[in-house]
Number of protein chains: 2
Amino acid sequence: MPSKSRSDPKPAEVADRLHSAAIHLLRRLRRVDEASGLSAPKLSALSVVVFAGPIRLGDLAAAEQIRPPSMTRIVQQLESQGVVRREPDPGDGRATRIAATPKGHRLLKQGRGRRVNLLVEWLGGLDTADIHKLEKGLVVLEQLLKK
Amino acid sequence: MPSKSRSDPKPAEVADRLHSAAIHLLRRLRRVDEASGLSAPKLSALSVVVFAGPIRLGDLAAAEQIRPPSMTRIVQQLESQGVVRREPDPGDGRATRIAATPKGHRLLKQGRGRRVNLLVEWLGGLDTADIHKLEKGLVVLEQLLKK
DNA sequence: TATATTTAGTTAGCGCAGCTAATTAAATGG
DNA sequence: CCATTTAATTAGCTGCGCTAACTAAATATA
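## Description of the pairing of strand β3 (residues 96–100) of chain B
Residues and elements named next belong to chain B.
Then step 1. Bridge analysis of strand β1 (residues 55–56) against β3 gives 2 bridges, and the strand direction is antiparallel. Note that in β3 the partner of I55 across the bridge is I98.
Then step 2. Of the pairings in the sheet, the one linking strand β2 (residues 84–88) to β3 comprises 5 bridges and is antiparallel in character. Within β3, the residue paired with E87 across the bridge is R97.

This is the structure:
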């Protein structure tokens, strides 16, 4: 069992640091992800489409926690880049379903490769234990974000 | 999909999840922070100014990892809201130094309080062990971002 | 010393991503 | 059959990142 921290972290401090870390992480990843031609929000949306299969626009917006009009624009751009396509919803004439094209699958894979390369570079000086710590913190964060 | 922390997490997966978590965290915090009249980037910059004392614009931009023109605009808005002021750099006529006003200190404190309240709400279902995990992951992340 | 170069910051102008309000078209219900 | 609700889009706003080009001050050099 790994040693516990000596004192309980103050929520105020954790909140601040989490906020700051998220901002700086995204500012960095932005540059890497640019190489794919897809911004962070587009990559994130594409990831959901690839993973969650054909999905309605409204559901995709909800999953990404943005409003439908914002998702409409993102999908339009993804479509014009040929990484997703729209198909009519079989059971509902108002809705469209968003699906990833083969190019979309390929592009996401490549983008992931780039981030991994960067991360591997970053992780250069870290040992396995630190990676585990990072992953465990991530699990907690993901739980928080699900609610 | 989270992996078991038993096995070594794949960097590819960790990279993806970190990316996604950062995006979703910021989208949420954005709404909370709006109440302070300061966006996430402004709060982040103000935090550096409050913490690192009077600081030159270029250094502030570097600390925030954005370009000087972007920081110029942020500082202008912070100034017009009365939370920072500019003073001439004693030793360099080209440079200005950015300092936080009392109002700036106060506002940052209030904003922190709001985020803490939100976090406390989020943390409602979590135990101390989870908070520790989150904090430890954060330490690792912060190390990565320092480089 | 006088001129050239470098450096700090700003201005101008672009693109992307969020939002709300209003619109269109399809589904649903009285 | 018409009224209401729902899915998505369009229009238009704001904020924040960027590069390119400019001004002014500091520094280096002939």
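## Brief notes about empty space enclosed by the protein
Then step 1. For the structure on display, the rule yields 3 cavities of 30 Å³ or more.
Then step 2. If you add up the space inside the largest cavity, you get close to 150 Å³.
Then step 3. Contributing to the lining of the largest cavity are 15 residues, with L18, L138 and L141 of chain A together with L18 and L141 of chain B lying nearest its centre.
Then step 4. Of all the elements in the fold, those that place two or more residues in the lining of the largest cavity are α1 (11–34) and α6 (128–146) of chain A together with α1 (11–34) and α6 (128–146) of chain B.
Then step 5. Partitioning the lining of the largest cavity into residue classes produces 13 nonpolar, 2 polar and no charged.

## Brief notes about unusual backbone geometry
Residues and elements named next belong to chain A.
Then step 1. Even without glycine at this site, Q65 takes up a positive phi of about 60°.
Then step 2. Counting through the fold element by element, Q65 comes out in the loop between α3 (57–64) and α4 (68–80).
Then step 3. When its relative accessible area of 22% is taken as the criterion, Q65 is described as partly exposed.

Conventions adopted
- Residues numbered from 1 in each chain as written.
- Chains lettered and ligands numbered in written order.
- Predicted model: local features only at pLDDT ≥ 70, side-chain atom pairs only at ≥ 80, totals over all residues.
- Heavy atoms only, no water.
- Pairing = 2+ DSSP bridges.
- Helix = DSSP H or I, 4+ residues; strand = E, 2+ residues; numbered from the N terminus.
- 1 Å grid on protein atoms, 1.4 Å probe; cavity = no way out; pocket = protein on both sides within 12 Å on 5 of 7 lines; lining within 4 Å.
- Points joined across faces, edges and corners; volume = space filled by probe spheres on them.
- Nonpolar A, V, L, I, M, F, W, Y, C, P; charged D, E, K, R; others polar.
- Buried < 20%, exposed > 50% of the residue type's maximum accessible area, 1.4 Å probe, protein only.

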